[in-house]
Amino acid sequence: MKKVIFAALLLVIMFVIDANGEEQKLSIESKPLTKVKSVILEENENVILSDIIDCDINSNASNIVLTSGIKRIIAIYDFKNGNLLHFKKAELYLSDSIKHTNRFPPPYPNDNYTYQPVKYLSLEECREIGFTDFIMIKNVFINVNYNKNNNDLSSLALIYLPTFMKNIENTAYNTAAIIKFDSTLNIKRVIFPNNTSYNYTIPFSYIVDENNTYYIPNESRAVFIEFNKKDSIPVLSIYDNNGEYISTALFLDEIYANDVYINLLFMHIPKTTTINNKHFAMFPYSPNTFYNLSTDDTISLSNPIVNYSEKYEEARNEIKKLDKNESSTKVIDEYMPISVFKLMNNGKNLIICYMEKVEDYASFIFREYDINGKFISERTFENEDELNIQNMLYDKKNNYIVLFVKGEENWTIEKYSW
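Residues numbered from 1 in each chain as written. Predicted model: local features only at pLDDT ≥ 70, side-chain atom pairs only at ≥ 80, totals over all residues. Heavy atoms only, no water.

Asks: So what exactly am I meant to see when it comes to the pattern of salt bridges here?
Replies: For side chains bearing opposite charge, pairing can occur when the charged atoms are close. For the structure on display, the rule yields 14 salt bridges. Lys188 serves as the salt-bridge partner of Asp152, at 2.8 Å between the closest nitrogen and oxygen. With Asp152 in the loop between β9 (140–146) and β10 (153–165) and Lys188 in strand β12 (residues 187–191), this pair connects stretches of sequence that are 36 residues apart. The exposure class assigned to Asp152 is buried, which follows from its relative accessible area of 19%. What you see here is one network of salt bridges that share partners, running through Asp259, Glu313 and Arg316. (Salt bridge = Lys/Arg side-chain N within 4 Å of Asp/Glu carboxyl O. Helix = DSSP H or I, 4+ residues; strand = E, 2+ residues; numbered from the N terminus. Buried < 20%, exposed > 50% of the residue type's maximum accessible area, 1.4 Å probe, protein only.)

Asks: Just to check I follow, could you spell out the pairing of strand β14 (residues 214–217) for this structure?
Replies: For a regular strand, side-chain orientation follows a simple rule: the groups alternate between the two sheet faces. Because side chains alternate across β14, one face comprises the buried residues Tyr214 and Ile216, and the other comprises Tyr215 and Pro217, equally buried. Across 2 bridges, the pairing between strand β13 (residues 207–208) and β14 is antiparallel. When the sheet's bridge partners are listed, Val208 is paired in β14 with Tyr214. Hairpin connection of β13 to β14: 5 residues between the antiparallel strands, including Asn212 at a positive phi of 60°. The pairing of β14 with strand β15 (residues 234–239) spans 4 bridges and is antiparallel. By the bridge assignment, Pro217 is partnered in β15 with Leu236. (Pairing = 2+ DSSP bridges.)

Asks: In this structure, what is going on with the packing of aromatic side chains? I would like to understand it.
Replies: Note on aromatic pairs: each is described by the distance of the centres and the angle between the planes. Per the counting criterion, the structure on display carries 17 aromatic pairs. Geometrically, the ring pair formed by Tyr120 and Tyr173 is edge-to-face, given 6.3 Å between the ring centres and 80° between the ring planes. Placement of the pair is Tyr120 in strand β8 (residues 117–120) and Tyr173 in strand β11 (residues 171–181), with a sequence separation of 53 residues. With respect to class, Tyr120 is no different from Tyr173; both count as buried. Consider the rings of Tyr198 and Phe227, whose centres lie 5.8 Å apart with planes at 80°: the pair is edge-to-face. Of this pair, Tyr198 sits in the loop between β12 and β13 while Phe227 sits in the loop between α3 (220–226) and β15, and the two are 29 residues apart along the sequence. The partly exposed category is assigned to Tyr198, whose relative accessible area is 23%. Of the aromatic side chains, those joined through ring pairs into one cluster are Tyr256, Tyr261, Phe283, Tyr291 and Tyr312. Over the ring of Phe375 we find Arg367, and its NZ or CZ is 4.7 Å from the ring centre. (Phe/Tyr/Trp six-rings, centres within 6.5 Å; stacked < 30°, edge-to-face > 60°. Lys NZ or Arg CZ within 6 Å of the ring centre and 35° of its normal.)

Asks: I tried to follow the packing of helix α5 (residues 311–320) against helix α6 (residues 328–335) on my own but got confused; where do I start?
Replies: Any two packed helices are characterised by how steeply their axes cross, that is the angle between the axes, and by the distance between the axes. Packing of α5 against α6 leaves a shortest axis separation of 10 Å and a crossing angle of 150°. On the basis of the axis angle, α5 is roughly antiparallel to α6. Crossing geometry of α5 relative to α6 is assigned as right-handed. On α6, the residues touching Lys311, Glu314, Ala315, Glu318 and Ile319 of α5 are Ser328, Val331, Ile332 and Tyr335. Among the residues making up the contact of α5 with α6, the classes are represented as 5 nonpolar, 1 polar and 3 charged. (Axes fitted to C-alpha atoms, helices over the stretch in contact; angles between N-to-C directions. Parallel < 35°, antiparallel > 145°, perpendicular 65-115°, else oblique. Left-handed = near helix turned anticlockwise from the far one by under 90°. Contact = heavy atoms within 4.5 Å. Nonpolar A, V, L, I, M, F, W, Y, C, P; charged D, E, K, R; others polar.)

Asks: Would you take a moment to explain a nonpolar patch on the surface for this structure?
Replies: Taken together, the side chains of Val118, Ile129 and Phe164 make up a nonpolar region of the molecular surface, amounting to roughly 240 Å² of accessible area. Classification of Ile129 by relative accessible area gives partly exposed; the value is 44%. (Patch = residues over 30% accessible without salt bridge, like charges linked within 9 Å, V, L, I, M, F, W, Y side chains within 5 Å. Areas by Shrake-Rupley, 256 points an atom, 1.4 Å probe, with all protein chains shown as cover.)

Asks: What is the right way to look at the environment of Leu85 in this model?
Replies: Here Leu85 shows up in strand β7 (residues 84–89). On the basis of relative accessibility, which here comes to 36%, the residue Leu85 falls in the partly exposed class. As a C-alpha pair, Leu85 and Asn63 span 22 residues in sequence and 8.9 Å in three-dimensional space. Excluding residues that lie within four positions of it along the chain, Leu85 makes contacts with Asn63, Ile76, Tyr77 and Asp78.

Asks: What is the right way to look at the nonpolar core in this model?
Replies: A general feature of soluble globular proteins is that nonpolar side chains tend to end up buried together. Ranked by size, the top nonpolar core spans 48 residues in total, and within it Tyr261, Ile332, Met336 and Tyr354 carry the most contacts. Not counting residues up to four positions away in its chain, the partners in contact with Tyr354 are Met282, Pro287, Leu301, Ile305, Ile338, Ser339, Val340, Ser363, Phe364, Ile365 and Arg367. In terms of nonpolar packing, the next biggest core, distinct from the first, is built from 23 residues, Val65, Ala90, Tyr120 and Phe181 among them. (Core = buried A, V, L, I, M, F, W, Y, C linked by side-chain atoms within 4.5 Å.)

Asks: Just checking my understanding: could you explain α5 for this structure?
Replies: Structurally, the α-helix is built with 3.6 residues per turn, so residues lying three or four positions apart point the same way. Here α5 has its buried residues at Tyr312, Ala315, Arg316 and Ile319. Buried residues of α5, viewed axially, fall in a sector of 100°; they line one side. (Arc of directions from axis to C-beta.)

Everything listed here is a matter of coordinates, which is why it stays silent on function.
Below, the structure is given as structure tokens:
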């Protein structure tokens, strides 16, 4: 991370109003994280971690669960010693779980309704009609969440569904579905959301409500293109325990409802967290605003970390000039170098992890805010060793920031005290 940024953050100044209405300065010292312990994650011939898409920790901080996308694995580890306890791979069997439901496929998003789907197919039905090209079916466990009342857990998975199409070849739809596990990763139930053209589910952000409702992202691009909408575009919708749509929890911020940003999912897939069954979300490149989904409030953060108000249009215009083979991500990194990497909590307040990427490595600033947007404290992690940090979580029991680091020979979890 650029030294000038961390130098500026060593002392954070906040302004408060005293009883006489006069502005006073309140100093909050920014401190570096303190390393406590490093633990190697066990791997074997069945479990080789290629990446870590998502992770969570159980309520008593004894186990962690993670998903590795390329290997299509969900795995539970002992948090203290890194021993592998349980794992499961996402295989074809997940595609067959739709056959016991009454779900019907909607017109496929992003295809201008040229496809005319008839029904979802079981694997047996596929074989009966000669559709056996299952190489396209690569189911993946994406998001993961521990039940806070016990050690059961669930994953928001990407599942491919063989589909019988009218007048064209058969194909496979991909959509998000909820996989509910017991504490040893035996599957208890699969919940398929009732997809429509307007609310079509995708993974990469996930909230499990104590009232057995689920917050799942929607395919915003399809609504923008197919319905020609620039407002009231669903980003995150609520579904009940049977997968039926209840309502939209979060709409796309208007700054992303344009021909450039709507195609960049990494800009408008929200980061989410839950505190005492109150749900919160942030857009990665709107670093000064969070949404209280439980009260439908938009909250501006005090002492904002950076101001991008003039950068959205500048970056958009620059991306329009790019050739097809040029990367829009580099433009975003140049114009908006600090983004929200992860939204976490310590059980009481929000912990916002801001990332600045320098070449292939990233450094982090952790800010604590209360649920009204008041700045509480700050920690920093300057990645001097250029560690390949792929994910993180907050251990509420021990007040640790836990980093998942990919090394040359193994993966480690690095525990840092707040």
